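# A look at the structure
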Amino acid sequence: MHKYSLKLLFGACFGAFLLIGFVHTSSAQQKRAGVIAFYNVENLYDTINAPGVNDVEFLPESAKRWNSERYWAKIDQLAEVISKLGSPENVPGPAIIGLCEVENRTVLEDLVKSERIRHLNYQIVHYDSPDRRGIDVALLYQPRYFQVTNSRSVPLMLKRDDDSRLYTRDQLVVSGIFDGEPMHFMVHHWPSRLGGEERSRGHRVAAARLARSLVDSITRIEPNAKVVVMGDFNDDPNNESIRLHLNARNDRNRLKEDQMFNAMGTLFRRGVGTLAYRDKWNLFDQIILTQSFLDKNIGGYRFHSARVFNEPFLAQQEGRFKGYPFRTYVGNTYHGGYSDHFPVYILLIKEVP
């Protein structure tokens, strides 16, 4: 267990958060801190043609020339990011991280075994989704901080205009014990804006309604449940799906009883984003919490702060798209970057008796 000064842990640069560790205040009171993260890893496919999966774009013979060398380079880069999320140099990565755009369990196993993070012993919660591109969501966790008691993958049933089913990502729900207290985590990748934001809006509204029903099913049984809803929502904090149907707002001091707290909302209002398109920043990657994380009368972990992890090494350094996320591909041109999204994370803290 590591010990750091409060000034170091909560420094304004946000570069010195300790994953799970003790810190001392001036009154010698100890606090324990935990990092929860989410990352859209941009098309983490293996190089093998899988039956029933539309992965032809990411094969060695495709226009992208996706091969083993590029695959292992991406695995190493993603592991580098995870090792640094919310932590000072050489301090363990997040206790829990949600991922999206992963093809299968194999790529996750390769990731957690990567040299940069294998010592953290990340375990995997993953289910195959019926998504038409063959991409899934997943949860990685360090078993010394989180023990899974239950998990399930919930399908989102959508219809096209011709009444045929539109296959998309399932919603992952994982429950367990986080450093001694019950906690629930939901990982999402809502339908894209393909065809335009307005035309596709109804699909994300449906995803939001399903997500909200899952949260409500937990809180009906456990009224003060601590639920973390994270993902790439393909909508910003101010869009209808998030504000009205998931019912999440960013002003923690004005929340109504049935509303959730959007930890990323204030960052969005400041112009901070996780992806950029035509010089406009969006904050699709969000972490949203039940109000139990804000209530001083409820013991255990409470929300402290949120951040978009947009360190310079994750951004394009030159050219027209300088400052944008440093992507693996732009079209079929290999750039060798990390992802077209910046990761996000929150810091939770609790007092230690």
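Quick caveat, the model's predicted, so the values are computed rather than measured.

## Section: helix H3 (residues 105-112)
- Listed as buried for H3 are Val-107, Leu-108, Leu-111 and Val-112. The arc enclosing the buried residues of H3, seen along the axis, measures out at 130°, which places them on a common side.
- Contacts from the buried residues of H3 go to strand S3 (30-44), helix H2 (68-84), strand S4 (96-102), strand S5 (123-126) and strand S6 (136-141).
- The opening residue of H3 is Asn-104, an N-cap whose side-chain oxygen sits 3.1 Å from the backbone nitrogen of Thr-106.

## Some details on the sheet that holds strand S14 (residues 260-262)
- With respect to topology, seven strands assemble into an open sheet ordered S7-S10-S11-S12-S17-S14-S13, the strand pairing being mixed. What marks the edges here is a single partner per strand, and that holds for strand S7 (146-154) and strand S13 (248-249).
- Note that S13 and S14 share two bridges and pair parallel. Across the sheet, the residue bridging to Arg-249 is Phe-261, located in S14.
- Along the sheet, helix H4 (residues 197-221) makes contact with S7, strand S10 (171-178), strand S11 (181-189), strand S12 (227-232) and S14, crossing S10 at roughly 30°.

## Notes on the packing of H2 against H3
- The interhelical angle for the contact between H2 and H3, taken along N-to-C directions, is 60°, at an axis separation of 9 Å. Accordingly, the angle class assigned to the pair H2 and H3 is oblique. Taken as a pair, H2 and H3 cross one another with a handedness that is right-handed. Side by side, H2 and H3 meet where Tyr-71, Trp-72, Ile-75, Leu-78, Ala-79 and Ile-82 of the first sit next to Thr-106, Val-107, Asp-110 and Leu-111 of the second.
- A per-class count over the contact of H2 with H3 returns eight nonpolar, one polar and one charged.

## Brief notes about the confidence of the model for the chain
- Here the chain shows a mean pLDDT of 90. Residues at 70 or above account for 90%.
- Considering only residues more than four positions removed or in separate chains, one finds that residues 21-26, a stretch of pLDDT under 50, has 27 contacts.

## Digging into the pairing of S10
- Buried residues dominate S10, accounting for seven of its eight residues.
- Bridge analysis of S7 against S10 gives eight bridges, and the strand direction is antiparallel. Note that in S10 the partner of Asn-150 across the bridge is Ser-175.
- Inspection of the sheet shows S10 paired to S11 by seven bridges, in the antiparallel sense. Its bridge partner lying in S11, Gly-176 is registered against Met-183.
- Counted between consecutive antiparallel strands, the loop separating S10 from S11 contains two residues, among which Asp-179 sits at a positive phi close to 50°.

## Remarks on the nonpolar core
- In this structure, Leu-139, Phe-185 and Phe-303 are the most contacted members of the largest nonpolar core, which totals 76 residues.
- Here Phe-185 is in contact with Ile-36, Ile-96, Leu-139, Phe-146, Leu-172, Val-173, Val-174, Phe-178, Val-228 and Met-230, once residues within four sequence places are set aside.
- Judged by nonpolar contacts, the second largest core, of 23 residues, contains Met-186, Phe-233, Leu-246 and Ile-288.

## Some points on the pattern of salt bridges
- Here the structure, examined in full by the defined rule, presents 19 salt bridges.
- One salt bridge connects Asp-235 with Arg-204, and the closest N-O pair in it is separated by 3.0 Å. Taken together, the positions of Asp-235 in the loop between S12 and helix H5 (240-245) and Arg-204 in helix H4 put the pair 31 residues apart, joining distant regions of the chain.
- According to the relative accessible area criterion, Asp-235 is buried, its value standing at 2%.
- What makes Arg-204 buried here is its relative accessible area of 0%.
- A salt bridge links Arg-212 to Asp-216; its shortest N-O distance comes to 3.1 Å.

## Topic: the environment of Lys-74
- Within the secondary structure, Lys-74 is located in helix H2.
- Residues Lys-74 and Val-41, spaced 33 residues apart in sequence, show a C-alpha to C-alpha distance of 9.3 Å.
- Apart from the residues within four sequence positions on either side, Lys-74 is in contact with Val-41, Glu-42, Asn-43, Leu-44, Trp-66, Thr-328 and Tyr-338.
- From its side chain, Lys-74 meets the backbone oxygen of Val-41 in a polar contact 2.9 Å long.

## Looking at the side chain of Ser-241
- Residue position: Ser-241 is located in helix H5.
- A polar contact is formed between the side chain of Ser-241 and the side chain of Asp-235, at a distance of 2.6 Å.
- Residue contacts for Ser-241: discarding those within four places in its chain leaves Trp-190, Arg-204, Val-205, Ala-208, Asp-235 and Leu-246.

Cut-offs used in this document
Residues numbered from 1 in each chain as written. Predicted model: local features only at pLDDT ≥ 70, side-chain atom pairs only at ≥ 80, totals over all residues. Heavy atoms only, no water. Buried < 20%, exposed > 50% of the residue type's maximum accessible area, 1.4 Å probe, protein only. Helix = DSSP H or I, 4+ residues; strand = E, 2+ residues; numbered from the N terminus. Arc of directions from axis to C-beta. Contact = heavy atoms within 4.5 Å. Polar contact = N/O pair within 3.5 Å; in protein donor to acceptor, adjacent residues only side chain to side chain. Pairing = 2+ DSSP bridges. Axes fitted to C-alpha atoms, helices over the stretch in contact; angles between N-to-C directions. Parallel < 35°, antiparallel > 145°, perpendicular 65-115°, else oblique. Left-handed = near helix turned anticlockwise from the far one by under 90°. Nonpolar A, V, L, I, M, F, W, Y, C, P; charged D, E, K, R; others polar. pLDDT = per-residue confidence, 0-100. Core = buried A, V, L, I, M, F, W, Y, C linked by side-chain atoms within 4.5 Å. Salt bridge = Lys/Arg side-chain N within 4 Å of Asp/Glu carboxyl O.

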